[in-house]
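Secondary and tertiary structure notes
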Amino acid sequence: MKVALVTGAGSGIGRAVARALAREGWTLALLGRREAPLQETLPEALHLPADVTDEAQVDAAFQALKQRFGRLDLLFNNAGISAIGVPIDELSVAQWRAVVDTNLTGSFLCARAAFALMKAQTPRGGRIINNGSISAHAPRPFSAPYTSTKHAITGLTKSLSLDGRAFDIACGQIDIGNAATDMTEKMARGMPQANGQLAVEPRMDVEDVARAVVYMASLPLSANVQTMTVMATSMPFVGRG
């Protein structure tokens, strides 16, 4: 039995990845803030309603997973949010902290819990895949909170990859550009560009992302995709700015 935990599994990329892993024979645990969307993603999975920003809720979710399955082979650290796109001087500290708490601290809390499980289980080890973003490389206009956290995720990924070696824990990152989800619907209406213009941006099928994550997850622990960029071919990233 191969056990995977997907965070932010109630919609979008998390939902697509969870379903793709299930089709490949993985046993799934789904973590998200609300039970109903998790049920809609995969009724047969273990549902773990929890807020990734809350240490106690995260620890309780991982304890429930351990009690049910006894081990964890894969964490897809996916839960994330963005802030309203405004100049930084118009952004409140509360809006900043909400993004940092979810995208960075939430990823840390889940990675910490997964690391502890993977170190102690038999057979030892496992894999953590962090959801970075194109924004881990280059910002969009008015995206300081989101871009800052996604740059930080790259540092978290590298640290986990290094520190996990001694315990057979592999860690990689997938940087996604313009997957077609509810979160990116606005791209079809036009997104602010670095030159001040508004432009419609191409998107790609979210299933293309799911296949990429499944591939990363399929490797033996002796091999690792450290970073992978999967993006809509014609999106304004290469040459952005």
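Scoring rules and cut-offs
- Residues numbered from 1 in each chain as written.
- Predicted model: local features only at pLDDT ≥ 70, side-chain atom pairs only at ≥ 80, totals over all residues.
- Heavy atoms only, no water.
- Helix = DSSP H or I, 4+ residues; strand = E, 2+ residues; numbered from the N terminus.
- Rg over C-alpha atoms; globule rule 2.2 N^0.38 Å.
- Buried < 20%, exposed > 50% of the residue type's maximum accessible area, 1.4 Å probe, protein only.
- Contact = heavy atoms within 4.5 Å.
- Lys, Arg positive; Asp, Glu negative; His and termini not counted.
- Charge placed at Lys NZ, Arg CZ, Asp CG, Glu CD.
- Pairing = 2+ DSSP bridges.
- Expected span 1.5 Å × (residues − 1).
- Polar contact = N/O pair within 3.5 Å; in protein donor to acceptor, adjacent residues only side chain to side chain.
- Axes fitted to C-alpha atoms, helices over the stretch in contact; angles between N-to-C directions.
- Parallel < 35°, antiparallel > 145°, perpendicular 65-115°, else oblique.
- Left-handed = near helix turned anticlockwise from the far one by under 90°.
- Nonpolar A, V, L, I, M, F, W, Y, C, P; charged D, E, K, R; others polar.
- Core = buried A, V, L, I, M, F, W, Y, C linked by side-chain atoms within 4.5 Å.

**Observations concerning the overall build of the protein**
Scanning the protein from N- to C-terminus turns up 6 helices and 9 strands. Radius of gyration (C-alpha) of the protein: 17 Å, near the 18 Å computed for a compact globule of 241 residues. Considering the protein as a whole, with its 241 residues, one finds that 51% of them fall into the buried category. Put simply, 67% of the contacts in the protein that link residues at least 6 apart link residues at least 24 apart. Averaging the coordinates of the 23 positive side-chain charges in the protein and doing the same for the 21 negative ones gives two points 4 Å apart.

**Observations regarding the pairing of strand β3 (residues 46-49)**
Each regular strand displays side chains that alternate between the two surfaces of the sheet. Pairing of strand β2 (residues 27-32) with β3, which is carried by 4 bridges, proceeds in the parallel orientation. For A29, the partnering residue across the bridge sits in β3 and is L46.

**Focus on helix α3 (residues 55-69)**
Counted at 1.5 Å a residue, the expected span for α3 with its 15 residues is 21 Å, and the 21 Å between its end C-alpha atoms agrees. Elements in contact with the buried residues of α3: β1 (3-7), β2, β3, β4 (74-77) and α4 (93-120). At the N-terminal boundary of α3, the capping side chain belongs to D54, with an oxygen 3.0 Å from the backbone nitrogen of A56. Note on α3: the residue one or two positions beyond its end, G70, has a positive phi of about 85°.

**A look at the packing of helix α1 (residues 12-23) against helix α6 (residues 206-218)**
Between two packed helices, the angle of one axis relative to the other and the distance separating the axes together describe the packing. At a minimum axis distance of 8 Å, the contact between α1 and α6 shows a crossing angle of 55°. One way to sum up the angle between α1 and α6 is to call them oblique. Crossing handedness for the pair α1 and α6: right-handed. For the pair formed by α1 and α6, the contact residues are G12, I13, A16, V17, A20, L21 and R23 on the first element and V206, E207, V209, A210, V213, V214 and A217 on the second. When its residues are assigned to classes, the contact of α1 with α6 shows 11 nonpolar, 1 polar and 2 charged.

**Re the pairing of β1**
Where burial is concerned, most of β1 is hidden: 5 out of the 5 residues are buried. Covered by surrounding structure in β1 are V3, L5 and T7 together with A4 and V6, the residues of both alternating faces. Pairing between β1 and β2: 5 bridges, direction parallel. Note that in β2 the partner of L5 across the bridge is A29. Direction of pairing for β1 relative to β4: parallel, over a ladder of 3 bridges. Bridge pairing in β4 links L5 to L75.

**Remarks on the nonpolar core**
Among the nonpolar cores identified, the biggest contains 39 residues, and L21, L28, L30 and I174 are the most heavily contacted of them. Broken down by secondary-structure element, the contributors of at least two residues to this core are β1, α1, β2, β4, β6 (169-177), α6 and β9 (227-231). In terms of residue count, the dominant contributor to this core is α6 (8 residues). In contact with L21, other than residues within four places in its own chain, are A4, V6, W26, L28, L74, V214 and A217. In terms of nonpolar packing, the next biggest core, distinct from the first, is built from 30 residues, V3, L31, L65 and A79 among them.

**Quick word on unusual backbone geometry**
A cis amide bond links T122 with the next residue in sequence, P123, at an omega value of -5°. Mapping P123 onto the fold places it in the loop between α4 and β5 (126-131). In this model, F142 sits at a positive phi of 60°, which is unusual for a non-glycine residue. With respect to the secondary-structure elements, F142 resides in the loop between β5 and α5 (144-163).

**Points about the environment of A138**
Mapped onto the elements, A138 comes out in the loop between β5 and α5. Note on A138: relative accessible area 15%, which makes it buried. In sequence terms A138 and G32 are 106 residues apart; their C-alpha atoms lie 28 Å from each other.

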